[in-house]
Amino acid sequence: MEDLVGVSPFPPIADYAFLSDCEVTALVAPSGNLEWMCLPRMDSPSVFGAILDRGAGGFRLGPAELMVPAARRYLPGTLVLETSWGADGGWIIVRDVLLIGPWHHERELSHTYRRAPTDYDAEHVLLRTVRCVNGEVQLVLDCEPVFNYGRQRARWRYTDHAYHQGLASADGVDLQLKLTTDLRLGFEGSRASARTLIKEGETRFCALSWSEHEPPFTSEDAYRRLVWTAHHWQHWLARGTFPDHRWRSYLQRSALTLKGLTYSNTGAVIAAATTSLPETLRGTRNWDYRYSWIRDSSLTLWGLYSLGFEWEANDYFYFIADVAERDDELQILYGIDGEAELEERVLDHLSGYEGARPVRIGNGAYTQRQHDVWGAVIESVYLHAESRDHLPERLWPILQRQVEHALAHWREPDCGMWEVRGEPQHFTSSKLLCWVAADRGARLARLRDASAIAERWQAAADEIHADICAQGTDARGVFVQHYGGTALDASVLLMPLLRFLPADDPRIRATVLAIADELSVDGLVRRYRVEDTDDGFTEEEGTFTICSFWLVSALSEIGEHRRARELCEKLLSYASPLELYAEEIDPKSGRHLGNFPQAFTHLALINAVLHVIQTEQAMQAAARAAPTQLVF
């Protein structure tokens, strides 16, 4: 029995597959069990929550006696998951997808869309299909939704489709689930189940739906809708621009993941699909990331513009513009519909992933003061205007207000980029983003021919710049976490990326190399040393993968091309089997930690991979232009 100590009923975080229709998201375990899904939106209460408590609801479709599949993959260029199972008597292939179809609302308003509608729309259907490719396999379906984050078990009843459709509901819950299938359903308490022997050449399907839109009622219709959805994803991906390089698949999967984390109705990009997946195993660093962080906006836009997805970049930009125009004081994060109040609560009834408690919903960081928010918004405006070579009139008042806020508050301490819950400090990265607000603001003012304002803002930018250079370094000339300290912080890796100083400046080079050598564990970068930082916690945390990818970009910027390429290759080797990333990596075990999949990690991956590829291409072009000898 001692050998079983540490064996967990929870799959490793990196083993989950990610599904999305750009209105809801879902995570599927290797066993075929759907273990996380919130309805009817990404940030709604969970209906299936087994990832946070094994009793909080799941939905499995697979062979009766096996829990470990032979293989899993996404259909190329899609978010359609394919799982292959080899049972004793045969082989089956299961495909899981959140369906997308043609635009629904031709004669009525959707009442949720704030961006321009496209040619497609979520169908509000989770479809699961099965095909037996040879032999025969006992197939089982077990669907046990538990509404309201595992609080209320479902009550099932049949509809007028006899044994082929069940309706799940619960008292006081304004949501009903329909389970439609060509299997014969039975109900056992809160569980709907079915069992059949599927033989070579046969197909089966089940569809879970939660709106007025009809689900498929036949295998033929189910297959047609799956193909439509797969083609939609492939056509969407084809709009992007990806280099012909061996790392192309990582860029494409990151692009699909970012699209899947985008709430299409408003354009908001959520930080991750989950809440309370722990940053430390069995620890308390557990947060709800199903919201949109303004801090992430500039990197999000950079990533989307770089890959050619201007429509998505525009939608996200105007989500940011909407809240910046509405609110006099900009928060650091918002709900996916622009909600300002995100009260943080603890769900004591859930045991947490591998016992990591508390399980939190909401995020109290929305009340914090973080001075990087203004620079993130102004950098977003700058990227948006640069892509069009003009500044839309609507954005000028927004820009003015954010720059003036930065200038009014940059001398004050704040909670920093990492949202520490200790005492506020004069964080160097916060001052850096205030400089970005003034510097980019001055450039945009010049674009608008507002010369007097541009001069004042440029003078302020110069003052902030000088202050950071004077107070933000240690005796070695290395930029540190906060004024007056000596602790390193990975957030200052943004300095060369934001062009605070030239990449060949000795201080930039010293900072990048110090972080690479002193803040890294086997090449993987920590945000900061916990023992040196008053973040409100005492426990350790994993290395932050975004910081490791930032280091790749920074090494590339300072000319350490070989080191950048080798670190990038190492980080890509840590990708999940489906090329997804959580927030952190445990440097000892290589396990992924934190919420999953993490948008910010995939954004940093795009930046890092493009840095390395562009450097390689430039070096190859130079080598071709200047051969050492001519051969005739």
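Data block above holds the structure.
Residues numbered from 1 in each chain as written. Predicted model: local features only at pLDDT ≥ 70, side-chain atom pairs only at ≥ 80, totals over all residues. Heavy atoms only, no water.

Draft legend 1. Structural view of the packing of helix α5 (residues 310–326) against helix α6 (residues 372–386). Where α5 contacts α6, the two axes come as close as 11 Å, and the packing angle between them is 140°. When the axis of α5 is compared with that of α6, the two are oblique. At the point where α5 passes α6, the crossing takes the left-handed sense. Contact residues: α5 offers N314, F317, Y318 and I320, while α6 offers V377, S380, V381 and H384. Split into classes, the residues belonging to the contact of α5 with α6 amount to 5 nonpolar, 3 polar and no charged. (Axes fitted to C-alpha atoms, helices over the stretch in contact; angles between N-to-C directions. Helix = DSSP H or I, 4+ residues; strand = E, 2+ residues; numbered from the N terminus. Parallel < 35°, antiparallel > 145°, perpendicular 65-115°, else oblique. Left-handed = near helix turned anticlockwise from the far one by under 90°. Contact = heavy atoms within 4.5 Å. Nonpolar A, V, L, I, M, F, W, Y, C, P; charged D, E, K, R; others polar.)

Draft legend 2. Inspection of the pairing of strand β8 (residues 90–102) at higher detail. The buried count for β8 comes to 10 of 13 residues, which makes it a mostly enclosed element. In this structure, strand β7 (residues 81–87) lies alongside β8, joined through 7 bridges in antiparallel fashion. Within the sheet, the bridge partner assigned to E82 lies in β8 and is R95. What sits between the antiparallel neighbours β7 and β8 is a turn of 2 residues. Bridging between β8 and strand β9 (residues 120–144) involves 12 bridges; their strand directions are antiparallel. From the neighbouring strand, R95 faces β9, where its bridge partner is T129. (Buried < 20%, exposed > 50% of the residue type's maximum accessible area, 1.4 Å probe, protein only. Pairing = 2+ DSSP bridges.)

Draft legend 3. A look at the packing of aromatic side chains. For the coordinates displayed, the defined rule picks out 18 aromatic pairs. Their ring planes at 85° and their centres at 6.1 Å tell us that F479 and F500 sit as a pair that is edge-to-face. In this pair, F479 sits in the loop between α9 (451–471) and α10 (494–497) while F500 sits in the loop between α10 and α11 (506–518), placing the two residues 21 residues apart along the sequence. Using a relative accessible area of 3% as the deciding quantity, one classes F500 as buried. (Phe/Tyr/Trp six-rings, centres within 6.5 Å; stacked < 30°, edge-to-face > 60°.)

Draft legend 4. Structural detail: the pattern of salt bridges. Enumeration over the complete set of coordinates arrives at 37 salt bridges. The closest approach of N and O atoms between E202 and R204, which form a salt bridge, is 3.6 Å. With relative accessibility at 19%, the residue R204 sits in the buried group. Connected through shared salt-bridge partners, E123, D221, R224 and R225 make up one network. (Salt bridge = Lys/Arg side-chain N within 4 Å of Asp/Glu carboxyl O.)

Draft legend 5. Layout of the nonpolar core. Ranked by internal contacts, the top residues of the largest apolar core, which has 205 residues, are M37, F59, L141, L179 and W550. Those residues in contact with L141 that lie beyond four places of it in its chain are F59, R60, L61, L179, L183, L185, A192, S193, A194 and C206. Listed in part, the 11 residues of the second largest apolar core include V80, V125, A207 and A230. (Core = buried A, V, L, I, M, F, W, Y, C linked by side-chain atoms within 4.5 Å.)

Draft legend 6. Quick peek at the sheet that holds strand β26 (residues 584–585). A sheet is described by the order of its strands in space; here 3 strands give the open sequence β25-β26-β27, paired in antiparallel fashion. Strand pairing shows two members of the sheet lacking a second neighbour, β25 (543–544) and β27 (592–593), which therefore form its edges. Direction of pairing for β26 relative to β27: antiparallel, over a ladder of 2 bridges. Within β27, the residue paired with I585 across the bridge is H592.

Draft legend 7. Helix α4 (residues 297–306), seen in detail. By the criterion of burial, α4 is predominantly enclosed, with 8 of the 10 residues buried. Of the residues making up α4, those classed as buried are S297, S298, L299, T300, L301, G303, L304 and Y305. After α4 finishes, the residue G308 shows a positive phi value of roughly 90°.

Draft legend 8. Here's a closer look at the packing of α6 against helix α8 (residues 428–447). Where α6 contacts α8, the two axes come as close as 7 Å, and the packing angle between them is 35°. Of the two elements, α6 crosses α8, and the hand of that crossing is left-handed. Here D372, W374, G375, A376, I378, E379, V381, Y382 and A385 of α6 come into contact with α8, specifically with L433, C434, V436, A437, R440, G441, R443, L444 and L447.

Draft legend 9. Local environment of the environment of L179. Position of L179 relative to the elements: it lies in strand β13 (residues 177–181). Along the sequence, L179 and P30 sit 149 residues apart, while their C-alpha atoms lie 22 Å from each other.

Draft legend 10. Broad picture of the pairing of strand β5 (residues 58–63). Counting buried positions along β5 gives 6 out of 6 residues, so the element sits mostly inside the fold. Where β5 meets β9, 6 bridges bridge the pair, whose relative direction is antiparallel. Within β9, the residue paired with R60 across the bridge is D142.

Draft legend 11. Quick look at the side chain of T511. One can find T511 in helix α11. Assessed through its relative accessible area of 2%, T511 is described here as buried. A polar contact is formed between the side chain of T511 and the backbone oxygen of R507, at a distance of 2.7 Å. Ignoring anything within four residues of it in the chain, the contact list for T511 reads G477, V478, F479 and V492. (Polar contact = N/O pair within 3.5 Å; in protein donor to acceptor, adjacent residues only side chain to side chain.)

Draft legend 12. Seen up close, unusual backbone geometry. In this structure, the amide linkage connecting R357 to the following residue, P358, adopts the cis form with an omega of 5°. Take P358: it is sitting in the loop between β21 (345–346) and β22 (360–361). Here F596 and P597 are connected by a cis peptide whose omega angle stands at -20°. In this structure, P597 sits in the loop between β27 and α14 (599–625). Unusually for a residue other than glycine, E354 sits at a positive phi of about 50°. Within the secondary structure, E354 is located in the loop between β21 and β22. Its relative accessible area of 13% is what places E354 among the buried residues.

Draft legend 13. Structural detail: the side chain of N363. Tracing the backbone through its elements, the reader meets N363 in the loop between β22 and α6. On the accessibility criterion, N363 (2% relative accessible area) is buried. Looking at N363, its side chain comes within polar contact range of the main-chain nitrogen of A365, at 3.0 Å.

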